Amino acid sequence: MEKPRRAVVVTGFGPFGEHAVNASWIAVQELEKLGLRDDVDLHVYEVPVEYQTVQRLIPALWKKHSPQLVVHVGVSGMATTVTLEKCGHNVGYKGLDNCRFCPGSQCCVEGGPECIDSVIDMDAVCRRVSALGLDVTVTISKDAGRYLCDFTYYTSLYQSRGRSAFVHVPPLGKPYSAEQLGRALQAIIEEMLQVLEHSEDKINCQHEH
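Residues numbered from 1 in each chain as written. Predicted model: local features only at pLDDT ≥ 70, side-chain atom pairs only at ≥ 80, totals over all residues. Heavy atoms only, no water.

As recorded in an unreviewed UniProt entry, the protein chain goes by the name Pyroglutamyl-peptidase I, listed as coming from Hirundo rustica rustica. In UniProt, the protein chain has this text filed under Function (unreviewed entry): "Removes 5-oxoproline from various penultimate amino acid residues except L-proline." As recorded by UniProt, the Subunit (unreviewed entry) comment attached to the protein chain reads in full: "Monomer." (UniProt positions renumbered as here; feature names shortened; annotations may be inferred.)

Here it is in structure tokens:
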């Protein structure tokens with residue numbers, strides 16, 4: 001029987017600060033060239049580093065595509081590995097965006113929970129990707145940084161009840177090339193889909209008994 005087609009949305013960020021070229025968007029474009037498995041329709045978007053745009057765009061992407069999964073990719077100047085973020089945070093947004101704006105409340109969703117975890121088991125994804133023997137090191141984090149990355153992740157987790165993921169990549173050449181980052185994203189997202197489907201199968205089994 002043919003598998004139903006599933007939509008996956010992957011976003012990268014546009015330029016900001018010292019990142020005139022944002023490695024996250026370059027990596028997502030490399031992923032787009034590689035594609036994902038045959039039953040997946042991949043949709044990629046470049047997200048401006050602007051709080052208010054994120055607040056509009058993320059719900060619109062969920063509404064437009066009804067995706068099985070949304071993966072946001074961001075750059076971290078401090079990262080030297082590809083990092084899977086476990087959760088998004090609601091408060092503490094004081095850094096100004098490209099429009100010199102930051103939320104007056106310094107939070108994503110007023111009255112929302114302090115932290116939302118992804119439904120994806122990032123430890124399992126990290127173990128599985130590491131076992132593939134790629135030339136890229138993958139690690140785990142619980143702090144996406146309280147800037148646009150964290151803000152986007154929380155907004156998406158809130159919108160999707162946890163069906164989102166966030167991946168931080170280092171700047172290009174520090175140490176990985178665009179091609180290496182694209183291949184790493186491909187492997188990570190395919191493992192995320194496997195982990196997500198496995199957990200959904202378990203839930204469905206429980207419902208049937």
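Additional details are given in the paragraphs that follow.
A. How the structure looks around the UniProt feature "active site" (unreviewed entry) in the protein chain. In the UniProt entry, the feature "active site" (unreviewed entry) is given for E85 and C149. Taken together, the annotated residues stretch across 65 residues yet fold into one region, lying no more than 10.0 Å apart by C-alpha. Structurally, the position occupied by E85 is in strand β4 (residues 82-85). Those residues in contact with E85, other than ones at most four positions away along the chain, are M122, S141, K142, D143, A144, Y153, F166 and H168. Here S141 takes part through its side chain, which lies 2.7 Å from a polar atom of the side chain of E85. (Helix = DSSP H or I, 4+ residues; strand = E, 2+ residues; numbered from the N terminus. Contact = heavy atoms within 4.5 Å. Polar contact = N/O pair within 3.5 Å; in protein donor to acceptor, adjacent residues only side chain to side chain.)

B. Local environment of the pattern of salt bridges. Inspection of every chain in the model, using the stated rule, returns 11 salt bridges. The partner of E197 in a salt bridge is R6, and the shortest N-O contact between them spans 3.8 Å. With E197 in helix α5 (residues 178-208) and R6 in strand β1 (residues 6-13), this residue pair connects regions lying 191 residues apart in the sequence. Residue classification places R6 among the partly exposed residues on the basis of a relative accessible area of 26%. Two residues, E197 and R37, come together in a salt bridge whose shortest N-O distance is 2.6 Å. Of this pair, E197 sits in helix α5 while R37 sits in the loop between α1 (23-34) and β2 (40-47), placing them 160 residues apart in sequence. (Salt bridge = Lys/Arg side-chain N within 4 Å of Asp/Glu carboxyl O. Buried < 20%, exposed > 50% of the residue type's maximum accessible area, 1.4 Å probe, protein only.)

C. Up close: helix α4 (residues 148-160). With 13 residues, α4 ought to run about 18 Å at 1.5 Å a step, and its terminal C-alpha atoms sit 18 Å apart, in line with that. Counting buried residues in α4 gives 11 out of 13 residues, a clear majority hidden from the surface. Within the span of α4, buried status applies to L148, C149, D150, F151, T152, Y153, Y154, T155, S156, L157 and S160. (Expected span 1.5 Å × (residues − 1).)

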